[in-house]
Amino acid sequence: METKVRFAPSPTGNLHVGGLRTALFNYLYAKKVGGKIILRIEDTDQNRKVEKAAENILDVFNQLNIHFDEGPHLESKYGPYFQSQRLSIYKDHIQILLDSGTAYPCFCMGERLDDLRLKLATNKEHIKYDRHCLNLSQDEIKAKMESEPYVIRMKVPDGEEVVFYDVVRERVAIQCDEIDDQVLIKSDGFPTYHFANVVDDHLMGITHVMRGEEWLPSTPKHVLLYQFFNWKLPKFIHLPLLLNPDKSKLSKRQGDVSVEDYLNKGYLPETLINFVALLGWHPKDEKELFSLSDLENEFSVKRINKSGAVFDVEKLKWMNGQYLKNLPIETIMKYAKPVFKSKGWDTKNTEKFKAVIENARKRADTIHEMIKPSIPFYAELEYSDEDNNLLQNESSQKVLTYFSEKLTGQINWTEAEIKLLVNETGEITGVKGKDLYAPLRISLFGEVHGPDIPLLIGILGIDETIIRIQRHI
RNA sequence: GGCCCGUUCGUCUAGUGGUUAGGACUCAGGGUUUUCAUCUCUGCAACAGGAGUUCGAUUCUCCUACGGGCUACCA
């Protein structure tokens, strides 16, 4: 049978980095074994639904170059891929369970359930539904269904044990007495996650369910449902959680969690994929920098870890810096262009832009950090009083005067020649060290620290260099 | 509270019944660079605890501790 996996987010907002990790592992597994990956939108909660969320998620995956074989954008005989469009399917399937007695209608509503939970909690008992509606007669059920709101619950068998094998955690067992009679169909007619998920996974031919570890405790319910339907169980692969620095489940409260946030802050798609791939999985050797296609080759479920992984922004930054420095310059230019343009900078002179980016990429860990080292090439310089004082002192003036005079009229000087001129300026004026370099660098660049002077002049051009220096003479 | 899962440097992780327990990020120091950055070298730093099995356990088993997840008509 063809391997088929799925990524099934609920459209409640932007794509979460944890979601990206889950999607990526599914994707890599599918690629590795030559299977398929589908995207299914689990929009069964009408209250939490966010407009356009599915489009946003798809858009982010496009930016990351992760593509699905089936999904809302690519319908097939297995669709539709929005669960909200599959209501009749769930209706048909719940009837099968109702008929076999593995599900039953329940008319207990909010207040009674709240009281029940409160009572169980105060008595320190296991919190689960008391099956108040299980033994209603057929007539009672019929009458109530016509006049009252109701849900449909699964009937968990008594006294049995549910055992399943998780690929990462191996044998997991739980007593049925611990399992609640989970609501399968809500009073608004929509299915709950547990029901829709199982029905769809089966109908869509999913062979491997790879998802976050937070689903491990409810997996027995899903296993029971497969048994009720007499369906073949998929393989379960529960991924370790992504964690905040305090080890709690990664959440918005402690920083950015959406992939979009990181993209907007100047992290590259390549970085995000590489970084997230190494959270809960590791390659055979000690290599750390992986392209998506490297990962497709290297990935193996055998090397998925068991314990949660803290999302360490420091290491993310470092990795992004590596990509900034090592990706082809054209790629970095492509990513930087819109950001530079948003500053109102004109990047039309490609040669200059390229040189600026080449300089900036070495000094930055994100696209946005490339702005600062590029200011001197695209924006007006600002000088502090301290800078002006330094530029006006006697030795600075000697340096600037000699240097700019010698430069005047030279158009095609190479960087090596400019370097020689700097040395010559020092010899002739008798100014050495910092006193020699600081005035040049400040007048040209606005900062004492920065790139080599010849490199700087190479980007600026001789004319602009002379203009900038002569402003201070 | 109950159930489930987990535990190697601060963080991501490798690894083995006998290893100087390895790598990466961070941090510290050195080198390269006129400066900054890059690059590079060196260093700091870990097997949660207790029993058991064993000639020998970080590695296998059990217990404890700690951490986390779940405990909704959310996913």
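A.B. asks: Is there a simple way to think about the protein's contact with RNA strand B in this case?
C.D. replies: Around RNA strand B lies a shell of 61 residues, among which Met109, His282, Arg363, Tyr437 and His449 are the nearest. Within the backbone of Val310, a nitrogen or oxygen atom sits 3.0 Å from a phosphate oxygen of RNA strand B. Elements represented by at least two residues in the surface near RNA strand B include exactly β4 (151-154), β6 (170-175), β11 (309-310), α11 (313-326) and α18 (434-445). At 5 residues, α11 tops the list of elements feeding residues into the surface near RNA strand B. Across the surface near RNA strand B, the residue classes tally to 22 nonpolar, 13 polar and 26 charged.

A.B. asks: Is there a simple way to explain the sheet that holds strand β3 (residues 103-106) in this structure?
C.D. replies: The pairing of strands in a sheet happens through backbone hydrogen bonds and is either parallel or antiparallel. Taking strand neighbours across the sheet as the criterion, the 3 strands line up as β3-β4-β7 in an open arrangement whose pairing is antiparallel. Each edge of the open sheet carries a strand with a single partner, namely β3 and β7 (183-185). On average, each strand axis in the sheet is inclined to that of its neighbour by 45°, with strand direction left out of account. Where β4 meets β7, 2 bridges bridge the pair, whose relative direction is antiparallel. For Arg153, the partnering residue across the bridge sits in β7 and is Val183.

A.B. asks: I'm lost on the pattern of salt bridges in this one. Help?
C.D. replies: If the charged atoms of two oppositely charged side chains come close together, the side chains can form a pair. Following the criterion strictly, the structure yields 25 salt bridges and no others. As a salt-bridge pair, Lys4 and Glu70 come within 3.1 Å of each other at their nearest N and O atoms. Linking Lys4 in strand β1 (residues 4-7) with Glu70 in the loop between α2 (53-64) and α3 (87-100), this pair joins segments that are 66 residues apart in sequence. Glu70 gets classed as buried once you look at its relative accessible area, which sits at 6%. Measuring nitrogen to oxygen at the nearest pair gives 2.9 Å for the salt bridge that ties Glu369 to Lys317. With Glu369 in the loop between α13 (350-361) and α14 (375-378) and Lys317 in helix α11, this pair connects stretches of sequence that are 52 residues apart.

A.B. asks: Explain the packing of helix α1 (residues 17-33) against helix α9 (residues 269-277) to me, please; I cannot follow it from the model alone.
C.D. replies: The relative placement of two packed helices comes down to the angle between their axes together with the axis-to-axis distance. Where α1 contacts α9, the axes come no closer than 9 Å and their chain directions differ by 80°. One finds that α1 runs roughly perpendicular with respect to α9. Together, Val17, Leu20, Arg21, Leu24 and Phe25 of α1 and Leu272, Ile273, Val276 and Ala277 of α9 make up the contact between the two elements.

A.B. asks: Looking at this model, I keep getting lost on the packing of aromatic side chains. Mind explaining?
C.D. replies: The way to describe two aromatic rings as a pair is by their centre distance and the angle between their planes. Per the stated rule, a full pass over the model turns up 19 aromatic pairs. Measuring from centroid to centroid gives 4.1 Å for Phe229 and Trp231, while their planes differ by 10°, and the two rings are stacked. By the burial criterion, Phe229 is buried, and Trp231 matches it. Taken together, Phe25, Trp281, Phe290 and Phe299 form an aromatic cluster joined through their ring pairs. Of note, Lys4 hangs over the ring of Tyr78, and the distance from its end group to the ring centre comes to 3.4 Å.

About the thresholds
- Residues numbered from 1 in each chain as written.
- Chains lettered and ligands numbered in written order.
- Predicted model: local features only at pLDDT ≥ 70, side-chain atom pairs only at ≥ 80, totals over all residues.
- Heavy atoms only, no water.
- Near = heavy atom within 4 Å.
- Polar contact = N/O pair within 3.5 Å; in protein donor to acceptor, adjacent residues only side chain to side chain.
- Helix = DSSP H or I, 4+ residues; strand = E, 2+ residues; numbered from the N terminus.
- Nonpolar A, V, L, I, M, F, W, Y, C, P; charged D, E, K, R; others polar.
- Pairing = 2+ DSSP bridges.
- Axes fitted to C-alpha atoms, helices over the stretch in contact; angles between N-to-C directions.
- Salt bridge = Lys/Arg side-chain N within 4 Å of Asp/Glu carboxyl O.
- Buried < 20%, exposed > 50% of the residue type's maximum accessible area, 1.4 Å probe, protein only.
- Parallel < 35°, antiparallel > 145°, perpendicular 65-115°, else oblique.
- Contact = heavy atoms within 4.5 Å.
- Phe/Tyr/Trp six-rings, centres within 6.5 Å; stacked < 30°, edge-to-face > 60°.
- Lys NZ or Arg CZ within 6 Å of the ring centre and 35° of its normal.

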